[in-house]
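Given next are the chains, with one letter for each unit.
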Amino acid sequence: MSVTDTLEPVTTVKAYLRPIDSEGLAAFAAKGKANPASRGTNKVHTVMEGQYRSLSTVGKHTPVVVDEPLHLFGEDTAPAPGEIVLSGLGGCLAVGITAVATWKGVKLSKLEVFLEGDIGNPAAWGAGGALEKLPAEMGFQAIRVKVLVEGDAPREVLDEIVQHANFYSPVANSMRNPIPFTIGLADA
């Protein structure tokens, strides 16, 4: 008898990400289908601490800290505003991919979103820089997203899920499409 005859067979265990409530998702989708004009409202309250460091509170959650890097005169104690925007996009895409996978009955074992954005601020926030620049020439000029996704479906199906989630992503569409934007002084 050899050593290999006495060894137990090897079993590979595949772990999947925590699933979302598929029945709740279906009910939410049915509600949207019945009322396509429905809207929600996100609210954030931002308070400046000093220099470029601010705290943004969303509901009862721990405030999100925002700062600027040293080369932009911040203290580099937290992500920059553009990085926070990209993190919101990454989170929205991850939620969408998870939802679409659930809808299609695909179990995911890994999901990572890598984002890069080319951003410009030649006008120095309007503080005397290249003031001839137009809004379309400032901010993100290009965003690149790569998705690492694994699950119990072939690569082609996983790619369809990613593309579908991207097409319907509220945050991606907010960034791709012009939207009404108003700003004014709040009542003291």
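Everything below is about the structure printed above this text.
Scope of this entry: the structure provided in the associated data block. Since the model is a prediction, treat every value here as computed from it, not as a measurement.

### Some remarks on the overall build of the chain
Counting its regular elements, the chain contains 5 helices and 5 strands. Taken against the 2.2 N^0.38 rule, which gives 16 Å for 188 residues, the C-alpha radius of gyration of the chain at 22 Å runs more than 25% over that of a compact globule. Classification of the 188 residues of the chain by burial places 19% in the buried group. For the chain, long-range pairs separated by at least 24 residues make up 51% of all intrachain contacts whose partners lie at least 6 apart in sequence. When the accessible surface of the chain is summed, it comes to about 14300 Å², and 60% of that surface belongs to carbon and sulfur atoms.

### Considerations on helix α4 (residues 155-168)
Note: α-helices contain 3.6 residues per turn, so residues at a spacing of three or four share the same orientation. The terminal C-alpha atoms of α4 lie 20 Å apart, and with 14 residues this matches the ideal 20 Å at 1.5 Å per residue to within 8%. The complete set of buried residues in α4 reads Leu-158, Ile-161, Val-162 and Ala-165. The arc that holds every buried residue of α4, seen down its axis, measures 95°, which confines them to one face. Turned more than 90 degrees away from the buried face of α4, the exposed residues are Glu-156, Phe-167 and Tyr-168.

### Overview of the pairing of strand β2 (residues 53-57)
Where burial is concerned, the two faces of β2 differ: the one with Ser-54 and Ser-56 is buried and the one with Arg-53, Leu-55 and Thr-57 is not. Count of turn residues in the strand β1 (residues 45-50)/β2 antiparallel hairpin: 2 residues, of which Gln-51 carries a positive phi of about 50°. Adjacent in sequence and paired antiparallel, β2 and strand β3 (residues 64-66) are bridged by 6 residues, among which Gly-59 carries a positive phi angle near 55°.

### Focus on the side chain of Ser-54
Within the secondary structure, Ser-54 sits in strand β2. By relative accessible area, Ser-54 is classed as buried at 7%. Residues contacting Ser-54, with those up to four places away along its chain left out, are Thr-46, Val-47, Met-48, Glu-49, Val-64, Val-65 and Val-66.

### Description of helix α2 (residues 22-34)
Taking 1.5 Å per residue, 13 residues should reach 18 Å; α2 reaches 18 Å between its end C-alpha atoms and fits that length. With a side-chain oxygen lying 3.1 Å from the backbone nitrogen of Glu-23, the N-terminal cap of α2 falls on Asp-21.

### Observations regarding unusual backbone geometry
Residues other than glycine seldom take positive phi values, yet Phe-73 does so here, at roughly 75°. Tracing the backbone through its elements, the reader meets Phe-73 in the loop between β3 and α3 (81-103). Backbone geometry at Trp-125 places phi at a positive 60°, although glycine is not the residue there. When you line up the elements, Trp-125 lands in the loop between β4 (108-120) and β5 (139-151). Since its relative accessible area comes to 44%, Trp-125 is described here as partly exposed.

What counts, and at which threshold
- Residues numbered from 1 in each chain as written.
- Predicted model: local features only at pLDDT ≥ 70, side-chain atom pairs only at ≥ 80, totals over all residues.
- Heavy atoms only, no water.
- Helix = DSSP H or I, 4+ residues; strand = E, 2+ residues; numbered from the N terminus.
- Rg over C-alpha atoms; globule rule 2.2 N^0.38 Å.
- Buried < 20%, exposed > 50% of the residue type's maximum accessible area, 1.4 Å probe, protein only.
- Contact = heavy atoms within 4.5 Å.
- Areas by Shrake-Rupley, 256 points an atom, 1.4 Å probe, with all protein chains shown as cover.
- Expected span 1.5 Å × (residues − 1).
- Arc of directions from axis to C-beta.
- Pairing = 2+ DSSP bridges.
- Polar contact = N/O pair within 3.5 Å; in protein donor to acceptor, adjacent residues only side chain to side chain.

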